[in-house]
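For reference, the chains in residue letters:
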Amino acid sequence: MAHLSPDASTTVVVVGAGPSGLMLACNLVRYGIPVVILDERPDKTSTGKADGMQPKTIETFKQLRLADSLLRNGVRVYDISFWESTENTPLHRKGRQIHYPDHLVGAADPYILLAHQGMIEEVLIGDIEARGARVTRNSRFVACSRSPDRQQLTITYEDLSTKTQRTIRAEYLVGCDGARSKVRDFIPDAQLEGEMTNASWGVLDGVIDTGFPDLWSKVAVRSHSVGSILWIPRERNMTRLYVELSSTEGERVDKAKATPEYVMALAKKAMAPFKLEWKSIEGMNQVDKIEWFGNYVVGQRVASHFNDEEMQIFIAGDAGHCHSALAAQGANTSMHDSFNLAWKLNLVCRGLAKKSLLATYEDERRKIAMDLIRFDAEHCNAFEQGEAALAKNFDDNIRFISGVGAEYSTGLLTKIQSDRVTGGELRPGALLVPAKVTRYIDANPVDIQLDIPMLGQFRIYILVPDIPSTKSFLDAFCARLKDPKSILGPVSALAQQSYNEKPRGKAASDDYIQPQRYTTVSHLFTLSLVTKSSKSSFEISDLPDVLQQSRWTLYVDDADDKQCTDRWVGKLGSDQAAIIIVRPDGYVGALSLWREKEGDKAADWVEEYYGSFLI
């Protein structure tokens, strides 16, 4: 493995190569931002740890064009069943329900995808390496300090293979190094706040031999003699069991006692009269039938700060929030911390956005962390109370659990106009709602929320029911987008120069994505037109220049009975238009309705949005 020289420098140092650190590095490398990833482990995760990808995370991997192997090799879980035993009744099923009902969640992928953490890490590492970067292994973060000229951080780490200390200079440091984060110590007053409980759980991964009928569903068991057990189907014919070792009110089980054998015995007792045995796994020692075992104590804690603006240090993932593993939220929330931070670092590092943009990272992600902690405390309590409470907890929180309901408050990037509201499902601070449309240029039906690849750019969607009736709106609005006096014109020119000097990280797979199709107008934003006008009623040449250049993002709204326009903004009159600004992470930044003669006003509104944080 090649080592960094003592005087090495980069733009961003990421400490930790788990899901959060790798998601951050993967995006930064794609954006063309120099990054060094330090990890003290000699290799990626091989078994166990986090295992559940929620619908929003599946969507994110699809947007990154990295989902295929995970979808192929993971296990999809669509339902959850509830089982219970009492002193007077043997173990029996109390109920069964769809995990992500469409009327409550509306996810394009309404299931949990089960794949162990190493599989996720492998996908992200593969993409990072395909773009010319790599994880620096056996490298333990030690300390950091600001240089006397205040321009760069000096980061010290230990090369564990040679027992020597090395330094690297960087503009930004991001700690994705877990609950015991060493990077967090260098952010003033950023300690974890909250409570540790006495509740503890043992976790087993293995191949189970049983007559239990719901082996391939997610199962919540409430046993009168043992407590709670959560069954999760896994890849390669395995099952994960979360076995309650002690409740919140009970005494914490001694870790020395919490062995795989002890946990297996509890599970067997709880599942009686069903047989419960573990088979030998091919390639493993015949005596050891468990691929991975873990034991964790439940705590709900959030760091008081996620960054230090002066030092330019950030934390993400478990370094910022800790909770139970029962609802499969940890890796999902952690990766979306990084997804949020990456595009903001890209714009600031390129000199395209003000540094105030970075402050929105803590505002937005700490809010989600606090929402998660509140939910997690309720979820753990529901496990204690049994099937009825747990089913209600799922119903009340199902959008948040799926990731679809993780929403941001009003702020710099989330603008709400009370006088321009729509009658659709979209709202600022929430994710783009999935919808089907037909791509004009090749008549392909596509998922509009996935079709434009993630290149670190904003998306500006123009929705018009009828092109002839809104021609003057389109002409006026589009003319302003390329006006040298507008905000977007000069910043787009700066972005062009920046990406010429420091191109996006390229991989061979990009030849099939053809990123240049989506940067024809600007590297800062992709323009898209969605219309109910039939394809036969207009030609690309009928449209304003910037829409002609954006021919790969012209969509006809005829692919689904639930039309995209109606779903997103409600019924529009023939002379109305809607403008939707979507951030690089897929969240709606702002949306508004306009009349046919208001093209210039709509352009003013767009400029006002971007002018608040772009340079």
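Here, every reference points to the structure presented above.
The structure presented is a predicted model; accordingly, all values stated were derived computationally and were not measured. The residue numbers shown here count from 1 along each chain, following its written sequence. Per-residue local features are limited, in this predicted model, to residues with pLDDT of at least 70; the limit for side-chain atom pairs, both in listing and counting, is 80 or more; totals at the level of whole chains, interfaces and linings are taken over all residues. To obtain the side-chain values, all non-hydrogen atoms of the structure were included, while hydrogens and water were left out.

Focus on the overall build of the chain
The line we're drawing: Helical segments are the DSSP runs of H or I of at least four residues, strand segments are the runs of E of at least two, and each set is numbered from the N terminus. In this setup the radius of gyration rests on C-alpha atoms only. A globule is expected at 2.2 Å times the number of residues raised to 0.38. Per-residue accessibility, obtained with a 1.4 Å probe over protein chains only, is compared with the maximum for each type, and a residue is labelled buried under 20%, exposed over 50%, and partly exposed between these values. Contact definition: two residues touch when any of their heavy atoms are within 4.5 Å. Shrake-Rupley sampling with a 1.4 Å probe provides the accessible areas, and residues are treated as covered by the protein chains on show and by no other component.
Counting its secondary structure elements, the chain contains 15 helices and 29 strands. Whereas a compact globule of 615 residues would reach a radius of gyration of roughly 25 Å, the chain reaches 25 Å, a difference of no more than 12%. Once the C-alpha set of the chain is aligned to its principal axes, its extents read approximately 75 × 60 × 40 Å. Here the chain holds 615 residues, and 62% of them are scored as buried. Partitioning the intrachain contacts of the chain with sequence separation of at least 6 by distance along the chain shows that 73% fall at a separation of at least 24. Looking at the chain as shown, the accessible area adds up to about 23,700 Å², and 48% of this sits on carbon and sulfur atoms.

As for the environment of D557
This is how it is decided: Polar contacts here mean pairs of N or O atoms no more than 3.5 Å apart (in protein, one a potential hydrogen donor and the other a potential acceptor; neighbouring residues in sequence count only if both atoms are side-chain atoms).
Tracing the sequence through the fold places D557 in the loop between β27 (554-556) and α14 (564-569). Note: C-alpha distance between D557 and D39 (518 residues apart in sequence) is 47 Å. Those residues in contact with D557 that sit more than four places away from it in its chain are K436, V437, V530, T531, K532, Q563, C564 and T565. Polar contacts involving the side chain of D557 include one to the main-chain amide nitrogen of T565, which spans 2.7 Å.

Some remarks on helix α2 (residues 55-63)
Of all 9 residues in α2, 8 are buried, a share of seventy percent or more. If you check which residues of α2 are buried, you get P55, K56, T57, I58, E59, T60, F61 and Q63. Among the residues trailing α2, R65 stands out with phi positive, at a value near 60 degrees.

Quick look at the packing of α2 against helix α6 (residues 330-349)
The geometry of a pair of packed helices is captured by two quantities: the angle between their axes and the separation between those axes. Going by this rule: Note on geometry: axes are lines fitted to C-alpha atoms, helical ones only across the stretch in contact, with angles between N-to-C directions running from 0 to 180 degrees. An angle below 35 degrees is read as roughly parallel, one above 145 as roughly antiparallel, one from 65 to 115 as roughly perpendicular, and any other as oblique. Each crossing is labelled by how the near helix is turned from the far one, with a counterclockwise turn of less than a right angle marking it left-handed and a clockwise turn marking it right-handed. Gly falls in the polar group here, along with every residue not listed as nonpolar (Ala, Val, Leu, Ile, Met, Phe, Trp, Tyr, Cys, Pro) or charged (Asp, Glu, Lys, Arg).
Across the interface, α2 lies against α6 with an axial gap of 10 Å and an inter-helix angle of 45 degrees. Considered as vectors, α2 and α6 are oriented oblique to each other. In this structure, α2 crosses over α6, and the sense of that crossing is left-handed. Taken together, the residues of α6 that come into contact with α2 (itself represented by K56, T57, T60, F61 and Q63) are N332, M335, H336 and F339. Tallied by class, residues from the contact of α2 with α6 come to 3 nonpolar, 5 polar and 1 charged.

Considering the nonpolar core
Inclusion rule: By nonpolar core we mean a set of buried residues, namely Ala, Val, Leu, Ile, Met, Phe, Trp, Tyr and Cys, connected to one another through side-chain atoms within 4.5 Å.
In terms of nonpolar packing, the biggest core is built from 120 residues, with F61, L173, I462, F477, I579 and Y610 touching the most fellow members. Per element, the largest residue contribution to this core is 10 residues, and it comes from α6. In this structure, Y100, A107, Y296 and F383 belong to the second largest nonpolar core, which totals 37 residues.

Here's the deal with the pairing of strand β12 (residues 164-170)
Spelled out, the test is: One bridge is not enough; two strands pair if DSSP finds at least two bridges between them.
Relative to β12, strand β1 (residues 8-9) runs parallel, the two sharing 2 bridges. Within β12, the position partnered with S9 by the bridge is R169. Between strand β11 (residues 153-159) and the antiparallel strand that follows it, β12, lie 4 residues; K163 among them carries a positive phi value of about 60 degrees.

A look at the sheet that holds β11
If you trace the 4 strands from one edge of the open sheet to the other, you get β1-β12-β11-β10, paired in mixed fashion. Only two strands of the sheet have a single neighbouring strand rather than two, namely β1 and β10 (139-146). Two strands pair when backbone bridges link them, and β10 and β11 are joined in this way by 7 bridges, in the antiparallel orientation. Counted as the bridge partner of S139 is D159 from β11.

So, the sheet that holds strand β8 (residues 112-114)
Strand order in the open sheet made by the 3 strands is β4-β8-β5, with antiparallel pairing throughout. Here the strands that pair on one side only, and so sit at the sheet edges, are β4 (52-53) and β5 (75-77). For β5 and β8, the ladder comprises 3 bridges, and the chain directions are antiparallel. Of the residues in β8, the one forming a bridge with R76 is L113.

So, to be careful, I would describe these as geometric facts and stop short of saying anything about function.
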